[in-house]
Amino acid sequence: MSGTTDMILVDKDGKRIDGRMPEEHRAVKIEAGVLANADGSAYVEIGKNKVLAAVYGPRECHPRHLQDPTKAIIQCKYNMQTYSVSDRKRPGTDRRSVEISKITAEALEKVVLTELYPRASIDVYIEILQANAGTRCAGLTAASVALADAGIPMRDIIPSIAAGKADGHVLLDLNKEEDNFGQADVPLAIVPSTNEIVLLQMDGNMTRQEFDKAIELAVGGCHDLYKLQKEALLKRYGDGGDSDE
Amino acid sequence: MEKRSARPAREIVVPGDILDDSGAKAGDNTYTVDGKVYAAVLGVKNKNQYGVGVIPLGGRYMPKPGDMVIGMINDIGSSNWMVDIRAPYPAPLHVSEVPWKVEFGDTSRYLNVGNVVLLKVLSVDEGKKIQVTMNDSGLRRLEGGRLVEIPYVKVSRVIGKSGSMIQMIKSMTDCRIFIGENGIIWIDGDEKNAEVAARAIEMIGENAHKGSLTERVKEFIEKELPNAGEVGE
């Protein structure tokens, strides 16, 4: 949304610079249980994005003043590695990562059955290893798989994907060029069983009609991702052969 | 074991999967919306006369009253000890719940940080405040031996059907073994035998979802300890 370019983001056949159609998302790879020392973990690749998520808990909440006597709290930390972008990212917390951590935690709170664990804390760590636009969605997608992998009771798994507008076309799952030189970016996360929206942001400008189209595309994309998330979790335990338990 | 494997193929469910929409009673690890029962955790669908539930494949141990657990003392107060039982919450062991007469402030003479104890969960209230006790037969401090940790959901596999698995390990390795409901297992025996028993249990923890576990464990122990086996039988 920042710069201008003479690059043709969507050609006259409706094809995008990476060869996708407007309503097509990037190639997705999801793997659950990749880390041995965390209670739950997941690795997600969406296009050139590479994201690792780890979950600890529920465990005793520190610092104590954050404890909630009625439910567990979710503490999320979104972090970009210095090598995740082409210019070295200055390490540490910045305003952007605080925001993403907050919205991710709030989205996850809507599905985790936090009331089962009063005074406890569930810690989610999201590491962006490689970024190519849409890392907050990839991070949330990975985090919810990691939570399920950690055996934490939750109502559903959250998939998340962005839609947006570039070259006047409404597109699903923007890549870096489309994000940088496009007109709008709308990250969305839903609860698939009810289609409730748990995360919605918008950056840029769109008409009402374009916005509705973008939401429609993103909801569709979320349902595609949801299938892959479920597959990843089943694969973790599915290929072990028959149990005699 | 044979009887169980005759059951229909197990079905793995993920959070949000519909388990039942025909009015079955909601069991463990489920939630209900509009009369439909959904899975709340990643696990195996379990339908029986009590309703439809999910047996979890992972997750944290949640104490239940009456559970036998093994814990490690990690803090000492003047009238209690704090025990780590691998639960999301700390478990205080009050001086009135130990078999000794302890003077106020004299707690460290009886149990110290790092000591391992065999306990029973006394109560868990709605605020998830845990109380544990050592006032029951067989509960005591565990001296010597070694600890093995496995996910608590795998404990039932280590015990086996009516104790078959653990009986086999005990008799083949001639070890004394205590299994905590929280997944901590204490093993004491001859150096080599205890090592084999520990590795056998770790093997169960890693391969719990695979079939014919008893035979595999038996093979493993026979390979490691060729002249063992008939000692305790």
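Residues numbered from 1 in each chain as written. Chains lettered and ligands numbered in written order. Predicted model: local features only at pLDDT ≥ 70, side-chain atom pairs only at ≥ 80, totals over all residues.

(A) Representation of the overall build of chain A in the model. When its secondary structure is counted, chain A shows 4 helices and 10 strands. Beginning at the N terminus, the succession of helices and strands in chain A can be written as β-β-β-β-α-β-α-β-β-α-β-β-β-α. Compactness check: chain A gives a C-alpha radius of gyration of 18 Å against a globular reference of 18 Å for 245 residues, within 12% of the reference. Dimensions along the principal axes, computed over C-alpha positions, put chain A at roughly 55 × 45 × 35 Å. (Helix = DSSP H or I, 4+ residues; strand = E, 2+ residues; numbered from the N terminus. Rg over C-alpha atoms; globule rule 2.2 N^0.38 Å.)

(B) The confidence of the model for chain B, seen in detail. Residue and element names in this part refer to chain B. Within chain B, residue pLDDT values average 89, and 94% of them lie at 70 or more. For chain B, the element scoring lowest by mean pLDDT is helix H1 (residues 2–5), at 46; strand S11 (residues 130–133) scores highest, at 96. Within the model, the stretch residues 1–6 combines pLDDT values under 50 with 8 contacts to residues more than four positions away or in other chains. Scored as a complex, the prediction yields pTM 0.91 and ipTM 0.87. (pLDDT = per-residue confidence, 0-100. Contact = placed C-beta atoms within 7 Å.)

(C) Region of the structure containing the sheet that holds strand S5 (residues 43–48) of chain B. Residues and elements named next belong to chain B. In space, the 3 strands of this open sheet follow the order S1-S5-S6, with antiparallel pairing throughout. Every interior strand has two partners, whereas the edge strands, strand S1 (12–13) and strand S6 (51–56), have only one. Where S1 and S5 come together, 2 bridges link them in antiparallel fashion. What sits directly across from Ile12, in S5, is Val44. (Pairing = 2+ DSSP bridges.)

(D) Structural detail: unusual backbone geometry. Following Gly57(A), the chain continues into Pro58(A) via a peptide bond in cis, with omega recorded as 5 degrees. Among the structural elements, Pro58(A) can be located in strand S3 (residues 49–60). Even without a glycine there, the phi angle at Asn195(A) is positive, about 60 degrees. Tracing the backbone through its elements, the reader meets Asn195(A) in the loop between strand S8 (184–191) and strand S9 (196–200). Exposure remark for Asn195(A): the 10 C-beta atoms within 10 Å place this residue in the exposed category. Its identity as a non-glycine residue notwithstanding, Lys128(B) has a phi of 60 degrees, on the positive side. (Buried ≥ 20, exposed ≤ 12 C-beta atoms within 10 Å, placed from the backbone.)

(E) Inspection of the pairing of strand S9 (residues 91–94) of chain B at higher detail. All names here are of chain B. Judged by which residues are buried, S9 turns out to be one-sided: Ala91 and Leu93 face inward and are buried, whereas Pro92 and His94, on the alternate face, are not. Relative to S9, strand S8 (residues 80–84) runs antiparallel, the two being bridged by 4 bridges. The partner of Met82 across the bridge, within S9, is Pro92. Between S8 and the antiparallel strand that follows it, S9, lie 6 residues; Arg86 among them carries a positive phi value of about 65 degrees.

(F) A look at the pairing of strand S4 (residues 36–39) of chain B. All names here are of chain B. Relative to S4, strand S2 (residues 18–20) runs antiparallel, the two being bridged by 2 bridges. Across the sheet, the residue bridging to Asp20 is Val37, located in S4. Here strand S3 (residues 30–33) hands over to S4 after 2 residues, with Asp34 in that stretch at a positive phi of 55 degrees.

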